[in-house]
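Geometric and topological summary
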Amino acid sequence: MVLNRHNLLGLAKKNRQNMTDAERKVWQVLRGKLTGVSFRRQHQIGRYIVDFVCLEKRLVIECDGSQHTEEADKERTRFLENEGFRVLRFWNNEILTNIEGVYEVIVKELGR
């Protein structure tokens, strides 16, 4: 399937409706603990859909599971950084077992 803007928007909508446990946990933290900062989920940037983004702070948060490959993630991160975004990546296992640590990293990065 060729991914065009219409396909990506449909995929983003589907992803928002079918969040993983790790994504749900991060979203709860972003919506509940972080006041004054607005995040979007499953947001299109270029040819990619990112898990979470704060457009104001130019911060992308990615939840990585077993489907992620190191090479694809490097290319994706390089693209996002070239667009002016900082990228935080967390493995799903880390999110599920250490959400407070994940939260602290996010807060620290937002303060930069």
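Right, let's walk through the structure included here.

Parameters at a glance
- Residues numbered from 1 in each chain as written.
- Predicted model: local features only at pLDDT ≥ 70, side-chain atom pairs only at ≥ 80, totals over all residues.
- Heavy atoms only, no water.
- Buried < 20%, exposed > 50% of the residue type's maximum accessible area, 1.4 Å probe, protein only.
- Helix = DSSP H or I, 4+ residues; strand = E, 2+ residues; numbered from the N terminus.
- Pairing = 2+ DSSP bridges.
- Axes fitted to C-alpha atoms, helices over the stretch in contact; angles between N-to-C directions.
- Parallel < 35°, antiparallel > 145°, perpendicular 65-115°, else oblique.
- Left-handed = near helix turned anticlockwise from the far one by under 90°.
- Contact = heavy atoms within 4.5 Å.
- Nonpolar A, V, L, I, M, F, W, Y, C, P; charged D, E, K, R; others polar.
- Phe/Tyr/Trp six-rings, centres within 6.5 Å; stacked < 30°, edge-to-face > 60°.

**Structural notes on the pairing of strand S2 (residues 48-54)**
Here is the key point about a regular strand: its side chains alternate between the two faces of the sheet. Burial runs high along S2: 7 of the 7 residues are buried. Direction of pairing for strand S1 (residues 40-45) relative to S2: antiparallel, over a ladder of 5 bridges. Across the sheet, the residue bridging to Gln44 is Ile49, located in S2. Counting the residues in the hairpin turn of S1 and S2 gives 2 residues, including Gly46, whose phi is positive at 60 degrees. Here S2 runs beside strand S3 (residues 59-64); their pairing, made up of 3 bridges, is antiparallel. Bridging across to S3, Cys54 finds its partner in Leu59. Linking S2 to S3, which pair antiparallel, is a turn of 4 residues; within it Arg58 sits at a positive phi near 55 degrees.

**A few points about the packing of helix H2 (residues 21-32) against helix H5 (residues 99-110)**
Between H2 and H5, the least distance of the axes is 11 Å, while the angle of their chain directions is 50 degrees. Relative to H5, the element H2 lies oblique. Helix-helix and strand crossings are classified by hand; for H2 and H5 the assignment is right-handed. Judged by residue contacts, Lys25, Val26, Val29 and Leu30 of H2 engage Ile99, Tyr103 and Ile106 from H5. Residues that form the contact of H2 with H5 fall into these classes: 6 nonpolar, no polar and 1 charged.

**A look at the packing of aromatic side chains**
Counted by the stated rule, this structure contains 2 aromatic pairs. With centroids separated by 5.8 Å and ring planes inclined at 15 degrees, the aromatic side chains of Trp27 and Phe52 adopt a geometry described as stacked. You can see Trp27 sitting in helix H2 and its partner Phe52 sitting in strand S2, a full 25 residues away along the chain. Both residues of the pair, Trp27 and Phe52, count as buried. Here Tyr48 and Phe79 contribute two aromatic rings whose centre-to-centre distance is 5.4 Å and whose plane-to-plane angle is 55 degrees, an arrangement assigned as tilted. Taken together, the residues Tyr48 in strand S2 and Phe79 in helix H3 (residues 70-82) connect sequence positions 31 residues apart.

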